Amino acid sequence: MIKVLIVDDDFMVAKVHAGFIQRTPGFTVVGAAHTGAQAVAETGRLQPDLVLLDIHLPDINGLDLMQRLRAVAPELDVLVISAAREVETVRKALRGGIVHYLIKPFSQTDLQERLEHYRNAYQGLDASKDVAEQSDVNRVFGLDRAERPLPKGCSIETLKLVEAALNAATGDVSAAEVAEELGTSRVSARRYLEYLHDEGTLDVRLKYGVGRPERRYVLKA
């Protein structure tokens, strides 16, 4: 369960946001704070995973507060919720390492979409792995196939043919084998295969022999 602390100077707004969060699977509200000083104290006491942080607080600017919060909870993530629309404010928030910036007023759906992305992407990084795959990083930055363009010169039609060839294969295949089956160049086939690997669809196995090892591709189980 992802623990959330709400920091907002308006008691009623904080209560509404708490209701939104409680209706989002995987999240629980552990507390609320209405000043910067209270936010630091509650963050140190509760050790939340995520803070929903308003910028306009009575005793401190929310963006200046972020460093103080992370001083008492180093692993803390911050999602800014604010009516502030100034471009420089948004830029400063991004430089501060926020996970998202949601402009007030917003709906329950708006907040839930950001929370679900946070849960699936940031919290979805496998702490048991020493290194991240490109697909893991893509997910954090919201770059899935629907948003991330194909490499220059590639087409969705050919990509589907490459995927069909992989599905029909009984084991791993090389770029040269895919190219021969589809009647394309080896370089072109490899671009599609590497794209699918970056997307997390394929595993790569190295076959050693004379010269450089051959990269062979297989669909993930």
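Parameters and conventions
Residues numbered from 1 in each chain as written. Predicted model: local features only at pLDDT ≥ 70, side-chain atom pairs only at ≥ 80, totals over all residues. Heavy atoms only, no water. Helix = DSSP H or I, 4+ residues; strand = E, 2+ residues; numbered from the N terminus. Polar contact = N/O pair within 3.5 Å; in protein donor to acceptor, adjacent residues only side chain to side chain. Contact = heavy atoms within 4.5 Å. Buried < 20%, exposed > 50% of the residue type's maximum accessible area, 1.4 Å probe, protein only. Pairing = 2+ DSSP bridges. Right-handed = clockwise from strand over helix to strand, strands pointing away. Axes fitted to C-alpha atoms, helices over the stretch in contact; angles between N-to-C directions. Salt bridge = Lys/Arg side-chain N within 4 Å of Asp/Glu carboxyl O. Core = buried A, V, L, I, M, F, W, Y, C linked by side-chain atoms within 4.5 Å.

Turning our eyes to something else, we now look at the side chain of Arg216. Relative to the assigned elements, Arg216 resides in strand S8 (residues 214-219). A distance of 2.8 Å separates the side chain of Arg216 from the side chain of Asp172, its partner in a polar contact. Not counting residues within four places of it along the chain, the set of residues in contact with Arg216 comprises Asp172, Val173, Ser174, Glu177, Asp203, Val204, Arg205 and Lys207.

Attention shifts here to the pairing of strand S1 (residues 2-7). Burial analysis of S1 places five of its six residues in the buried class, the great majority of the element. Summarising the sheet, S1 and strand S2 (residues 27-33) pair through six bridges and their orientation is parallel. Bridge pairing in S2 places Leu5 opposite Gly31. The parallel pair S1 and S2, bridged by helix H1 (residues 11-22), forms a crossover whose chirality is right-handed. Pairing of S1 with strand S3 (residues 50-53), which is carried by four bridges, proceeds in the parallel orientation. By the bridge assignment for S3, Val7 is matched with Leu53.

Take the sheet that holds strand S5 (residues 100-103) next. An order of S2-S1-S3-S4-S5 is seen for the five strands of this open sheet, with the pairing classed as parallel. A single partner strand is all that each edge strand has here, and the edge strands are S2 and S5. Sheet twist, expressed as the mean angle between neighbouring strand axes with direction ignored, is 20°. Both S3 and strand S4 (residues 77-82) contribute to a ladder of four bridges, which runs parallel. Across the sheet, Leu52 pairs through a bridge with Leu79, a residue of S4. The sheet strands contacting helix H3 (residues 62-72) are S3 and S4, and the helix crosses S3 at an angle near 160°.

Within this structure, the stated rule accounts for 12 salt bridges. In this structure, Arg216 and Asp172 form a salt bridge, with 2.8 Å as the shortest nitrogen-oxygen distance. With Arg216 in strand S8 and Asp172 in the loop between helix H7 (156-168) and strand S6 (173-174), the pair connects residues that are 44 residues apart, well separated along the chain. Judged by its relative accessible area of 10%, Arg216 falls in the buried class. Each of Asp172, Glu177, Arg205, Glu214 and Arg216 takes part in salt bridges that share partners, so that together they form one network.

Turning our attention to the nonpolar core. With 22 residues, the main nonpolar core has Val7, Leu53 and Val80 as its most contacted residues. Put simply, the parts of the chain that give this core at least two residues each are S1, helix H2 (36-46), S3, H3 and S4. Broken down by element, the residue count for this core peaks at four residues, all from H3. Other than its neighbours up to four places away in sequence, Val7 contacts Ala33, Ala39, Val51, Leu52, Leu53, Asp54 and Leu57. Listed in part, the 18 residues of the second largest apolar core include Ile2, Ala18, Val99 and Leu102.

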